[in-house]
Amino acid sequence: MEDSTLWWVLAGVLVAAELSTGTFYLLVLALSAAAAALGAHAGLSFTNQLVVASVTALLGTSVWYQYRRRTRAERVPVQADRNVNLDVGETVQVQAWDAQGHCQVQYRGAQWRARYAGEGQPQPGLFRIQALNGNQLELVSQG
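Residues numbered from 1 in each chain as written. Predicted model: local features only at pLDDT ≥ 70, side-chain atom pairs only at ≥ 80, totals over all residues. Heavy atoms only, no water.

Q: Give a detailed account of the overall build of the chain, specifying residues and quantitative values.
A: Of regular secondary structure, the chain possesses 3 helices and 5 strands. Starting at the N terminus, the α and β elements of the chain follow one another as α-α-α-β-β-β-β-β. On C-alpha atoms alone, the chain measures out to a radius of gyration of 26 Å, which is more than a quarter above the 15 Å that the 2.2 N^0.38 rule sets for 143 residues. If one aligns the C-alpha atoms of the chain with their principal axes, the spans along those axes are about 75 × 30 × 20 Å. With 143 residues in all, the chain has 31% of them scored as buried. A fraction of 44% describes how many contacts in the chain between residues 6 or more apart in sequence connect residues 24 or more apart. Of the roughly 9200 Å² of accessible surface on the chain, 58% is carried by carbon and sulfur atoms. Distance between charge centres in the chain, computed from 10 positive and 10 negative side chains, equals 7 Å. (Helix = DSSP H or I, 4+ residues; strand = E, 2+ residues; numbered from the N terminus. Rg over C-alpha atoms; globule rule 2.2 N^0.38 Å. Buried < 20%, exposed > 50% of the residue type's maximum accessible area, 1.4 Å probe, protein only. Contact = heavy atoms within 4.5 Å. Areas by Shrake-Rupley, 256 points an atom, 1.4 Å probe, with all protein chains shown as cover. Lys, Arg positive; Asp, Glu negative; His and termini not counted. Charge placed at Lys NZ, Arg CZ, Asp CG, Glu CD.)

Q: Quick one: what's the story with the nonpolar core, residue by residue and with numbers?
A: Among the nonpolar cores identified, the biggest contains 14 residues, and V105, L137 and L139 are the most heavily contacted of them. Going through the elements one at a time, β1 (91–94), β2 (102–107), β3 (110–116), β4 (125–133) and β5 (136–141) are the ones with two or more residues in this core. With near-sequence residues (within four places) excluded, L137 lies in contact with V105, Y107, W112, R113, A114, R115, I129, A131 and L132. W7, A11, A36 and A40 belong to the second largest nonpolar core, which has 7 residues in total. (Core = buried A, V, L, I, M, F, W, Y, C linked by side-chain atoms within 4.5 Å.)

Q: Give a detailed account of a nonpolar patch on the surface, specifying residues and quantitative values.
A: On the surface, V51, V55 and L59 cluster together to form a nonpolar patch covering roughly 260 Å² of accessible area. Here V51 lies in helix α3 (residues 46–74). On the accessibility criterion, V51 (44% relative accessible area) is partly exposed. (Patch = residues over 30% accessible without salt bridge, like charges linked within 9 Å, V, L, I, M, F, W, Y side chains within 5 Å. Salt bridge = Lys/Arg side-chain N within 4 Å of Asp/Glu carboxyl O.)

Q: Could you give me a rundown of the environment of T56, with the residues and numbers involved?
A: Inspection of the secondary structure assignment puts T56 in helix α3. The class of T56 is partly exposed, set by a relative accessible area of 27%. Placed 42 residues apart in sequence, T56 and D98 show a C-alpha to C-alpha distance of 59 Å. Excluding residues that lie within four positions of it along the chain, T56 makes contacts with L31, S32 and A35. Here V52 takes part through its backbone oxygen, which lies 2.6 Å from a polar atom of the side chain of T56. (Polar contact = N/O pair within 3.5 Å; in protein donor to acceptor, adjacent residues only side chain to side chain.)

Q: Explain the pattern of salt bridges to me, and be specific about the residues and the numbers.
A: Considering all chains together, one arrives at 1 salt bridge under this definition. Its salt-bridge partner being E138, residue R115 comes within 3.3 Å of it at the nearest N-O pair. Of this pair, R115 sits in strand β3 while E138 sits in strand β5; the two residues are 23 residues apart in sequence, bridging distant segments of the chain. On the basis of relative accessibility, which here comes to 30%, the residue R115 falls in the partly exposed class.

Q: So what's going on with the packing of aromatic side chains? Which residues, and what values?
A: Going through the model one piece at a time under the given rule, you end up with 7 aromatic pairs. Centroid distance W64 to Y67: 5.4 Å. Interplanar angle 35 degrees. Geometry classified as tilted. In this pair, W64 and Y67 both sit in helix α3, 3 residues apart, roughly one turn of the helix. With a centroid separation of 5.9 Å and an interplanar angle of 65 degrees, the aromatic rings of Y107 and W112 are classed as edge-to-face. For W112, a relative accessible area of 14% gives the class buried. Ring-pair connections join several aromatic residues into one group, and the members of that group are F24, W64 and Y67. (Phe/Tyr/Trp six-rings, centres within 6.5 Å; stacked < 30°, edge-to-face > 60°.)

So, in structure tokens, the structure goes:
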């Protein structure tokens, strides 16, 4: 069997594995196997094919890692993401706060435990839901 055929089969297996797991690192490895297959078609020796696959995998994984690390800092936590949790951004009326910055509020027809997530000492009034942490609302001042 030709070297290029083995590389293409390996690339296909890695793509199938990536589709079942959802990790892009396996996709990078599949692209590395495809690069090695192209090297085999170009007549490179098996050692050089391995070098092409290794260098491509190393560069691809480091680029993907840097991209993930850079975009992770820009992501909004799920608890505070309006696209995931439609309660974020809604307002509630707070009647009274306890000494620890907690209260009970009426929201969506039920009593909710809430905590003040802003700065300073909260006063009763209108507050905006900043995040939902489990079944506790995190509130900030409306203004």
